[in-house]
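This is what each chain is made of:
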Amino acid sequence: MKPARRKEEGRWAWRLTGFVTLCVYIFMFAPIAATVILSFNASMFGGFPMTGFSLQWYGKLMANEAVLAAFRTSLWIALVTAAATTAIGVVTSFALVRFDFPGKQVLSTLVILPALVPETILGVGLLVLIKAVDQPRTLLLLVLGHILLAVPYVVLITQARMVGIRRVYEEAALSLGASRFSSFREITLPLLIPAVVAGALLAFTISFDNTSASLFWRPAGVETMPTQILSMLKISISPEINALGTVMILVTVGIPLIGGVVMQSLTRLRRRGEPKEEAR
Amino acid sequence: MKNRWTLYDPRLAWMLIAPVLLLLIFFLVLPIAVMAAYTFFTFVTAGVETSQLTSANWHEFLTDSYYHGFLLKTLRVGAITALLCGVLGYFPAYFIWATSFKHKWLLLLLLIVPFWISFTIRTFSWINILGEQGVINVALIKMGIISEPLPMLYTEGAVIMGLLHFLLPYMILNVYVSLESIDRTLIAAARSMGCTSAQAFREVTLPLSLPGLAAGLLLCFVLAAGSYVTPQLLGSGRDALFGNLIYDTIMSELNWPMGATLSIVLFVVLGFFAAIYTRYMGMSQIVKGLGG
């Protein structure tokens, strides 16, 4: 009887775990679902109840010059950030994994810090620095700031993959007469591609989403997408914002998902015919 | 013929890390150093300060209870958020780890998806849930349970809820990573020695997953205490946190020396907690958690 009762207890604990998990997932996605649903509301006010289906808010959005300008700005900044951060991140993790040099431990801690220090502090710090040397806020500064914020993640991702690539492959290429650069390009980089793509996508979204630091760093008169949303929210909560949110969700969720699917089918194509490797 | 020593020459390593080193020095180390120096500058009037050294900013911070109140409230909100994240995040992490559900990757993917959705959008979408025209109020009024909308938005509860929404995936992934590294044969061994599943959990699984839980708690605490956007969007003026105070001091009052002082205070306080953590746990768990 006793073991049976205990088994019963275990089952209840497991059910409770499942229930809380379900609640957490609902909690995570309910607000997002509400926003997407409300973006199709015909009502003039940004809220429930639904009064009918309408696409008018998307039409309004497409005619909103300020939003389109902010979208273009954010897109460019995010693209440049993704490209630059990936390049910097890859060479950094190459150095951290393959080489031994004094201060390596310090560097690998330092490189994580931008992800742990609150953005408000990073934001104020950079502003104080450029104020101290009397420089204006520029787009370049904003991009470099975004690179700083994204670098820890790209380094962590590429480093984890680099550790798994055995150095004998590169050394074999070198001993066969390949140059340093071409052994990296022909051997290391192709093996690293999944991490490079994942890192670039993450850097893109980090930059595209960045709010707090951008509020400090953006040049006067420049709005990125999140700061534009913030200033729109200060005026009123119109259904247009819900439509904007939905478009943003489609862009930022769609790009990594498509990227992931493309990557997976590419590796599947390449793996075909090769002996099966352990799954990632 | 090249030998190993010239192949992995430290000089080449320095060239490779030069870009990231310059970036970290000019955008992380130097700004914080200059900010620390700025805390001793003299504030003249909005936007103007002189480099005459003074301890007035520190004196103001240390004696004015207005600032102490802000700091305590920020730490309290950060702690409440982190603890709630820990309690609510452990269940899903455990569930994903232990489930025999075939499409486990889907559950994990759903946890990563929020990272891709703009933080601003995730935060303001709570207005559609908690606001006067939000799901809850409209539904309750329709059902006739209440006649006036409940004031849920623009309260401290709403701020904590927004922070929870933002930080839960961090917590769940941190705990999951540490559960995943547990050798499952240990649990089987405990069970075969006569442990009930509850005992096996208490004696084996829980202690071994504590590093991930601790890393998650630290991460949630630091990120919540440093937040700016969430209190701005979901809180009233009274619910502003230290980040908002810093922003207003610099962007509205243009009092740069005081803003720098407050930033350094937040940096030191949060750094203190992170230092305690790394003293006992090391950095590796955080690194694992961030790398997902």
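A few points about the overall build of chain A
No. 1: Counting its secondary structure elements, chain A contains twelve helices and zero strands.
No. 2: Ordering the α and β elements of chain A from the N terminus gives α-α-α-α-α-α-α-α-α-α-α-α.
No. 3: Rg of the C-alpha trace for chain A: 24 Å, well past the compact-globule value of 19 Å for 280 residues, more than 25% over.
No. 4: Seen along its three principal axes, the alpha-carbon backbone of chain A occupies a region of about 80 × 70 × 40 Å.
No. 5: Summarising the internal contacts of chain A: among those between residues at least 6 apart in sequence, 78% fall at separations of at least 24.

What about the overall build of chain B?
No. 1: Helix and strand counts for chain B stand at 15 helices and two strands.
No. 2: Here chain B has a C-alpha radius of gyration of 24 Å; the compact-globule value for 292 residues is 19 Å, and the former is much larger.
No. 3: For the C-alpha atoms alone, the extent of chain B along its principal axes is close to 85 × 75 × 35 Å.
No. 4: For chain B, the proportion of contacts with a sequence separation of at least 24, taken over those separated by at least 6, is 72%.

Some details on helix α11 (residues 197-225) of chain B
Helical geometry note: an α-helix holds 3.6 residues per turn, so side chains three or four residues apart project in the same direction.
No. 1: In this model, α11 of chain B (29 residues) spans only 37 Å end to end at C-alpha, well below the 42 Å of a helix rising 1.5 Å per residue.
No. 2: Within α11 of chain B, the axis deviates most sharply at L210 of chain B, by approximately 45°, and proline P211 of chain B lies no more than four positions further along.

Quick look at the nonpolar core
Within soluble globular proteins, side chains that are nonpolar tend to cluster in buried spots.
No. 1: Judged by nonpolar contacts, the single largest core of 150 residues is most densely connected at V124, V151, Y153 and A203 of chain A together with L167, C220 and A224 of chain B.
No. 2: The greatest single-element share of this core, amounting to 17 residues, is contributed by helix α9 (residues 156-180) of chain B.

Points about the interface of chain A and chain B
No. 1: Residue-level contacts link 79 residues of chain A with 71 residues of chain B.
No. 2: Taken together, the residues of the side of chain A that touches chain B break down into 56 nonpolar, 16 polar and seven charged.

Some words on the packing of helix α6 (residues 119-132) of chain A against helix α14 (residues 256-281) of chain B
No. 1: Where α6 of chain A meets α14 of chain B, the closest approach of the two axes is 10 Å, and the angle between their N-to-C directions is 140°. Relative to α14 of chain B, the element α6 of chain A lies oblique. The hand of the α6 of chain A/α14 of chain B crossing is left-handed. Across from T120, I121, V124, G125, V128 and K131 of chain A in α6 of chain A, the residues of α14 of chain B making contact are W256, G259, A260, S263, L266 and F267 of chain B.
No. 2: Within the contact of α6 of chain A with α14 of chain B, the residues separate by chemical class into seven nonpolar, four polar and one charged.

A few points about the packing of helix α2 (residues 10-38) of chain B against α14 of chain B
All names here are of chain B.
No. 1: Running from N to C, α2 and α14 point in directions that differ by 120°, and their axes come no closer than 8 Å. By the criterion of interaxial angle, the relationship of α2 to α14 is oblique. Here the hand of the crossing between α2 and α14 comes out left-handed. Where α2 approaches α14, its residues I32, M35, A36 and Y38 are matched on the opposing element by W256, P257, A260, S263, I264 and F267.
No. 2: Its residues assigned to classes, the contact of α2 with α14 comprises nine nonpolar, one polar and no charged.

Considering the environment of V151 of chain A
No. 1: Among the secondary structure elements, V151 of chain A is positioned in helix α7 (residues 139-163).
No. 2: In this structure V151 of chain A comes out as buried when scored by C-beta crowding, with 30 C-beta atoms within 10 Å.
No. 3: When the C-alpha positions of V151 of chain A and R167 of chain A are compared, they lie 24 Å apart, and in sequence the two are 16 residues distant.
No. 4: Ignoring any residue separated from it by four or fewer positions in sequence, one finds V151 of chain A in contact with T85, I88, G89, V111 and P114 of chain A together with V20 and L23 of chain B.

A short note on unusual backbone geometry
If a residue is not glycine, its phi is most likely negative; likewise, a peptide bond is most likely trans.
No. 1: Although it is not a glycine, D134 of chain A adopts a positive phi angle of roughly 60°.
No. 2: Along the chain, D134 of chain A turns up in the loop between α6 and α7.

Re the confidence of the model for chain B
No. 1: For chain B, per-residue confidence averages 87 on the pLDDT scale, and 94% of positions sit at 70 or higher.
No. 2: Scoring the predicted complex yields pTM 0.86 and, for the interface, ipTM 0.85.

Remarks on the confidence of the model for chain A
No. 1: Summing up the model confidence of chain A, the mean pLDDT is 85 and the portion of residues at 70 or higher is 92%.
No. 2: The low-confidence segment residues 276-280 of chain A (pLDDT under 50) makes zero contacts with residues lying over four places distant or belonging to another chain.

Focus on the pairing of strand β1 (residues 42-45) of chain B
All names here are of chain B.
No. 1: Across three bridges, the pairing between β1 and strand β2 (residues 48-50) is antiparallel. Along β2, the bridge assignment pairs T42 with T50.
No. 2: In sequence, β1 turns back onto β2 through a hairpin of two residues, with G47 there showing a positive phi of about 85°.

Considering the environment of D248 of chain B
Residues and elements named next belong to chain B.
No. 1: Secondary-structure assignment places D248 in helix α13 (residues 242-252).
No. 2: We classify D248 as partly exposed; it has 14 C-beta atoms within 10 Å.
No. 3: Remark: the alpha-carbon pair of D248 and D183, spanning 65 residues in sequence, is separated by 50 Å.

Calculation rules
- Residues numbered from 1 in each chain as written.
- Chains lettered and ligands numbered in written order.
- Predicted model: local features only at pLDDT ≥ 70, side-chain atom pairs only at ≥ 80, totals over all residues.
- Helix = DSSP H or I, 4+ residues; strand = E, 2+ residues; numbered from the N terminus.
- Rg over C-alpha atoms; globule rule 2.2 N^0.38 Å.
- Contact = placed C-beta atoms within 7 Å.
- Expected span 1.5 Å × (residues − 1).
- Bend = angle between axes of the 7 residues up to and from the residue.
- Core = buried A, V, L, I, M, F, W, Y, C linked by C-beta atoms within 7 Å.
- Buried ≥ 20, exposed ≤ 12 C-beta atoms within 10 Å, placed from the backbone.
- Nonpolar A, V, L, I, M, F, W, Y, C, P; charged D, E, K, R; others polar.
- Axes fitted to C-alpha atoms, helices over the stretch in contact; angles between N-to-C directions.
- Parallel < 35°, antiparallel > 145°, perpendicular 65-115°, else oblique.
- Left-handed = near helix turned anticlockwise from the far one by under 90°.
- pLDDT = per-residue confidence, 0-100.
- Pairing = 2+ DSSP bridges.

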